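Fold and contact review
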Amino acid sequence: MLAYLIRRLFAAAVMLVVIIMVVFGIFFLVPKWAGVDIAASFVGKQADPAAVEAVREKLGLSDPVHLQAWEFFKGIFAGRTFATGGDVVHCSAPCFGYSFKSEQAVWPVLTDRFPVTLGLALGAAVLWLVFGVAAGVLSALKRGSLWDRSAMVVALAGVSLPIYFTGMLSLATFAFGLKWFDAQYVPLGQSLGGWFGGMILPWITLAFLYAAMYARITRATMMEVLGEDYIRTARAKGLRERTVIGKHAMRSTMTPILTMLGMDLGALIGGAILTESTFNLPGLGQAVLNAIRNQDLPIILGVVLITSLSVLLANLVVDVLYAVIDPRVRLT
Amino acid sequence: MTAPLHEPTAEAAPSAIEEAAAVGGNAKPVQGRSLGRIAWERLKRDRLALTGGAVILALTLIALLAPVISNLVGQDPDAYHEDMIDALFGTPKGSLGGINGDHLLGVEPVNGRDIFARILYGARISLLVGFLSALVAVVLGTVFGILAGFFGGWVDAAISRVMDGLLAFPQLLFIIALVSVMPSDMLGMTGSSVRVFVMILVIGFFGWPYIGRVVRGQTLSLREREYVEAARSLGAGRFHILFKELLPNLVAPIVVYTTMMIPTNILTEAALSFLGVGVKPPTASWGQMLSNAIDYYDSDPTYMVVPGVAIFITVLAFNLFGDGVRDALDPKGSR
């Protein structure tokens with residue numbers, strides 16, 4: 001188990017280095033091939049040539065890419081100082097870059113916005129796991145029943161609706177029409193009730209989409225598992241149906257669900273871009289979207305790294321959980 | 001967002017052979033039928049899937065004939081109708097977002113462009129990106145999947161690692177990042193056509209591992225079959241075995257995963273345009289209409305509902321059709 005963990009952590013670290021390289025490639029090489037001046041895009045559209053030149057020098061943009069990537073990597077642990085002549089900007093460790101457009105270091109932006117996104121993703125995940133998996137299991141057990149057919153119609157509609165459209169519909173209906181909820185984000189530290197009230201609609205909207213996907217997958221997996229020999233054996237030896245379903249069938253049904261959960265949760269924690277922009281939540285997704293609109297590359301880079309990291313970690317946790325849940329899986 | 005993870009469902013049911021015999025009728029002697037024929041017979045009996053297919057066909061026609069249809073109703077997607085707009089609020093005059101005999105689905109707030117005409121033109125972008133990016137994914141996924149499965153060894157290891165890596169990437173974020181760093185003019189194209197071209201390539205690129213993994217898995221099991229052995233012993237070359245012997249047997253999973261992928265791609269295009277990194281104005285796109293409508297969800301709900309429903313119907317039709325194709329091609333399926 002320990003050896004497995006160490007190997008996986010090592011693989012995750014390698015993957016992260018690969019991702020840093022790819023991200024650097026995307027932001028520094030692709031524009032170069034395409035003939036776009038990166039320094040200019042760091043400064044702004046109407047920048048004067050002197051400012052562009054200053055940024056180019058500060059960021060070492062004329063250096064080879066691997067040197068730039070190394071500087072970036074070093075900055076995470078040691079901090080960085082960008083200096084041209086008398087103009088000095090210090091970015092203390094952990095330095096994930098410095099945004100010259102908004103004149104702030106990237107790391108504080110990330111830590112400010114992370115709790116919002118984390119709260120959104122975790123709250124929604126609880127909802128969609130409970131409702132999606134329950135609906136899927138019930139459908140599989142009562143296959144062809146009225147419940148099964150209506151649940152699957154709703155699920156099919158759920159996966160066919162763009163999330164920002166359901167979000168806008170729920171805003172128009174519940175926040176503007178019925179005035180049940182306030183569509184206003186309140187930080188958790190400020191007021192627990194206010195935070196909860198502001199998050200209910202985003203949670204439900206996000207959870208609806210994922211619950212629909214999970215219900216479909218759970219139903220299909222559960223039906224497949226119920227046809228397995230070991231389920232017949234469990235029934236044949238006289239176990240109660242509740243034990244057969246709840247213990248024997250559920251365990252292997254949950255394996256693919258967990259895989260999905262790892263990927264989905266990891267990606268959401270790195271920024272639920274569509275949900276955050278629909279509900280105007282100040283999370284990582286909104287930060288990256290604003291950064292993209294302003295062509296603020298250092299912030300995009302920081303968020304991409306955080307997202308990749310959370311996807312990798314979530315996948316690792318899921319793989320360890322496999323061994324706990326599914327008795328057929330042994331980690332070696 | 002999660003990409004298509006739909007596994008073909010295995011349903012405990014009478015085998016295809018028994019079923020084929022039953023359908024063959026009592027009076028007529030049992031005839032051998034090809035797998036494609038069996039699948040088609042099953043698909044023909046799946047009314048939901050047929051409805052989905054009919055809607056897809058209709059949407060394709062609408063997209064192809066968008067200029068003709070908008071001419072017929074006498075509306076240009078880019079023409080302003082400021083006389084339709086309430087000067088004080090900027091919202092359309094009249095009820096339901098300005099729906100009347102001229103403007104079948106109302107007009108946009110502020111500039112009064114005809115929503116019906118813009119929906120027609122938006123269908124072109126949605127379907128173009130949806131189909132072509134799936135094509136890119138299928139070509140890449142099939143080629144790399146079949147190579148990985150057939151040659152094994154380091155070829156397989158390398159391709160599999162790349163696929164795993166791509167699947168672990170936060171895709172929407174990378175797609176947004178890639179689309180946004182692309183220049184606004186390239187290869188002699190400008191404006192929206194660049195964006196459409198880039199979206200097709202990028203969405204297709206992030207989609208190929210889904211097909212690649214399935215093709216690889218199938219190839220692994222198929223290459224050990226007797227008929228491949230037979231072809232090899234008759235002196236067939238690698239190229240012949242790959243493309244004449246293996247590929248025809250991979251068509252079913254490829255078709256299933258392609259039909260599953262198109263609706264996801266359509267949603268991704270809409271999301272990109274919604275976020276402002278898709279097609280550029282004034283080109284009409286459903287996602288972009290929704291993103292403009294977000295400021296008017298209380299004062300002009302029609303503007304939001306029309307493109308939302310358009311996306312919904314399109315994606316639903318593809319999903320229904322995809323589910324039907326999957327069930328029809330599933331050798332274990334009963335329907």
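Definitions and limits used
- Residues numbered from 1 in each chain as written.
- Chains lettered and ligands numbered in written order.
- Predicted model: local features only at pLDDT ≥ 70, side-chain atom pairs only at ≥ 80, totals over all residues.
- Heavy atoms only, no water.
- Helix = DSSP H or I, 4+ residues; strand = E, 2+ residues; numbered from the N terminus.
- Buried < 20%, exposed > 50% of the residue type's maximum accessible area, 1.4 Å probe, protein only.
- Contact = heavy atoms within 4.5 Å.
- Areas by Shrake-Rupley, 256 points an atom, 1.4 Å probe, with all protein chains shown as cover.
- Bend = angle between axes of the 7 residues up to and from the residue.
- Core = buried A, V, L, I, M, F, W, Y, C linked by side-chain atoms within 4.5 Å.
- pLDDT = per-residue confidence, 0-100.
- Buried area = accessible area lost by both parts, 1.4 Å probe.
- Salt bridge = Lys/Arg side-chain N within 4 Å of Asp/Glu carboxyl O.
- Polar contact = N/O pair within 3.5 Å; in protein donor to acceptor, adjacent residues only side chain to side chain.
- Nonpolar A, V, L, I, M, F, W, Y, C, P; charged D, E, K, R; others polar.
- Phe/Tyr/Trp six-rings, centres within 6.5 Å; stacked < 30°, edge-to-face > 60°.
- Patch = residues over 30% accessible without salt bridge, like charges linked within 9 Å, V, L, I, M, F, W, Y side chains within 5 Å.

Looking only at helices and strands, chain B features 12 helices and 2 strands. Along chain B, from the amino end to the carboxyl end, the secondary structure elements read α-α-α-α-α-α-α-β-β-α-α-α-α-α. Counting across all 335 residues of chain B, residues that qualify as buried make up 53%. In chain B, once contacts between residues fewer than 6 apart in sequence are set aside, the share between residues at least 24 apart is 74%. Working note: accessible area of chain B is about 15200 Å², and carbon and sulfur atoms make up 65% of it.

Approximately 45° is the largest bend angle found in helix 10 (residues 241-269) of chain A, and it occurs at Met250(A). One or two residues past the end of helix 10 of chain A sits Gly271(A), with phi positive at roughly 125°.

All right, on to the nonpolar core then. Residues and elements named next belong to chain A. Grouped together as the largest cluster of nonpolar side chains are 172 residues, with contacts concentrated most on Phe 27, Trp 128, Tyr 164 and Ile 300. A per-element tally of this core places helix 8 (residues 192-226) first, with 17 residues. Residues within four places of Trp 128 in sequence aside, it is in contact with Ala 121, Val 133, Ala 207, Tyr 210, Ala 211, Tyr 214, Leu 261, Asp 264, Leu 265 and Leu 268. Ranked by size, the runner-up nonpolar core spans 6 residues in total, among them Val 89, Cys 91, Cys 95 and Phe 100.

Time to look at the confidence of the model for chain A. For chain A, per-residue confidence averages 80 on the pLDDT scale, and residues scoring 70 or more make up 86% of the total. Averaged over each element, pLDDT in chain A is lowest for helix 2 (residues 38-43) of chain A (61) and highest for helix 5 (residues 106-141) of chain A (90).

Residue-level contacts link 45 residues of chain B with 52 residues of chain A. Here chain B and chain A share an interface that buries about 4300 Å² over both sides, 78% of which is from carbon and sulfur atoms. Applying the counting rule to chain B against chain A returns 1 salt bridge. The partner of Arg216(A) in a salt bridge is Asp323(B), and the shortest N-O contact between them spans 3.3 Å. In this assembly, chain B and chain A are joined by 4 residue pairs in polar contact (both at pLDDT 80 or more). Only helix 6 (153-168), helix 7 (171-181), helix 10 (238-274), helix 11 (286-293) and helix 12 (301-329) of chain B provide two or more residues apiece to the side of chain B that touches chain A. Broken down by class, the residue content of the side of chain B that touches chain A amounts to 35 nonpolar, 7 polar and 3 charged.

What follows is about the packing of aromatic side chains. Residue and element names in this part refer to chain B. Enumeration according to the criterion identifies 12 aromatic pairs over all chains in this entry. Judged by centre distance (5.2 Å) and plane angle (85°), the rings of Phe 150 and Phe 151 are edge-to-face. Looking at Phe 150, the relative accessible area reads 10%, which means it is buried. Its relative accessible area of 34% is what places Phe 151 among the partly exposed residues.

Right, let's get into unusual backbone geometry. Residues and elements named next belong to chain A. One non-glycine residue with positive phi stands out, namely Asn 280, at about 55°. Assignment of secondary structure puts Asn 280 in the loop between helix 11 (273-279) and helix 12 (284-293). Among the residues examined, Asn 280 registers a relative accessible area of 55% and is labelled exposed.

As a further point, take a nonpolar patch on the surface. On the surface, a nonpolar cluster with roughly 660 Å² of combined accessible area is contributed by Leu61(B), Leu64(B), Leu65(B), Val68(B), Leu72(B), Val73(B) and Leu104(B). One can find Leu72(B) in helix 4 (residues 66-72).

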